[in-house]
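Observations on the model geometry
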Amino acid sequence: TSPKADHERPDQSWLNEGEPLVIFGSDAQTGVKSMHYSIDSAPESTVTGDRIELRLPDGLHEVHYQAEDLAGNRSEPRSIVLGVDGSPPTAWIEPSESDRPTLVRAFAADSRAGLESAQFVYRPAGSFAVWEPFGEVQHPSAAAPQALSLSARLPDLALPDGDYELGVVVRDRDQVTVAAWTTG
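I will try to describe carefully the structure that is included in this document. Starting from 1, residues in each chain are numbered consecutively following that chain's sequence as written. In view of the model being predicted, local features appear only for residues whose pLDDT reaches at least 70, and side-chain atom pairs are presented and counted only at 80 or more, with totals across whole chains, interfaces and linings using the full set of residues. Side-chain numbers come from the whole structure's heavy atoms, not from hydrogens or water.

Glancing now at the sheet that holds strand β4 (residues 32–39). Sheet architecture is open: five strands sit in the order β2-β8-β7-β4-β5, paired in mixed fashion. Single-partner strands in this sheet number two, and they are β2 (14–16) and β5 (45–48). Neighbour to neighbour, the strand axes of the sheet diverge by 35° on average, direction disregarded. Strands were regarded as paired on the criterion that DSSP finds at least two bridges between them. Numbering of helices and strands starts at the N terminus; helices are DSSP runs of H or I of at least 4 residues and strands are runs of E of at least 2. Where β2 meets strand β8 (residues 78–85), three bridges bridge the pair, whose relative direction is parallel. Within β8, the residue paired with Asn16 across the bridge is Asp85. Here an angle of 0 to 180 degrees is reported between the N-to-C directions of two axes, which are lines fitted to C-alpha atoms, with helices fitted over the stretch in contact.

Below, the structure is given as structure tokens:
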């Protein structure tokens, strides 16, 4: 029988920069002798053993791979197309309008993997208090996953008087999180 080849987290289409793509082989009868792979139409490379950890550069990649057992049989060819995102998302909070000071607006963007979600947070200014979320968790549209304009009302009537830091926590599809904040 032929060996089998697969990769970890087969449902993931994006990796963080520096995060490896792990490819592995298995063969219950003779064991795996080597793994063969090619990245972006480059010539095939061979690694002895049943596991490879590939660290790919920023961008989109197509990886083809196979396992070879000790008897010389190769697995069915496999491939994965995935992106590597070395850039965190960006976000900024817009200044409040003087006639609507509790309306908070922000913009978030991620040019690679696309955005997963964003949400506003607040805490007393200058404190190390836990950031408290407010407003709904917001998601970009499927048609435009790289950008998100969001808004929410600060729960000012429920807060004691004082200055507060406002933030927006943004998560992109490869789970990189950034925060932008302002004090006011």
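A few words now on the nonpolar core. One finds Phe120, Phe134 and Val168 to be the most contacted residues of the largest nonpolar core, which totals 19 residues. Of all the secondary-structure elements, those providing two or more residues to this core are β9 (90–93), β10 (103–109), β11 (115–124), β13 (147–153) and β14 (164–172). Membership of the second largest hydrophobic core comes to 16 residues, among which are Ile23, Met35, Leu82 and Val84. Put simply, a nonpolar core is a bunch of buried Ala, Val, Leu, Ile, Met, Phe, Trp, Tyr and Cys residues held in one set by side-chain atoms that sit within 4.5 Å of each other. Type-normalised accessible area, obtained with a 1.4 Å probe on protein chains alone, sets the label of each residue: buried when under 20%, exposed when over 50%, and partly exposed for intermediate values.

What follows covers the side chain of Glu165. Secondary-structure assignment places Glu165 in strand β14. According to the relative accessible area criterion, Glu165 is buried, its value standing at 12%. The definition of a polar contact used here is a pair of N or O atoms within 3.5 Å, where within protein one atom must be able to donate a hydrogen and the other to accept one, and adjacent residues in sequence count solely through side-chain atom pairs. Only 2.7 Å separates the side chain of Glu165 from the side chain of Arg123, close enough to count as a polar contact.

Remember, this is a structural readout, not a statement about activity or role.
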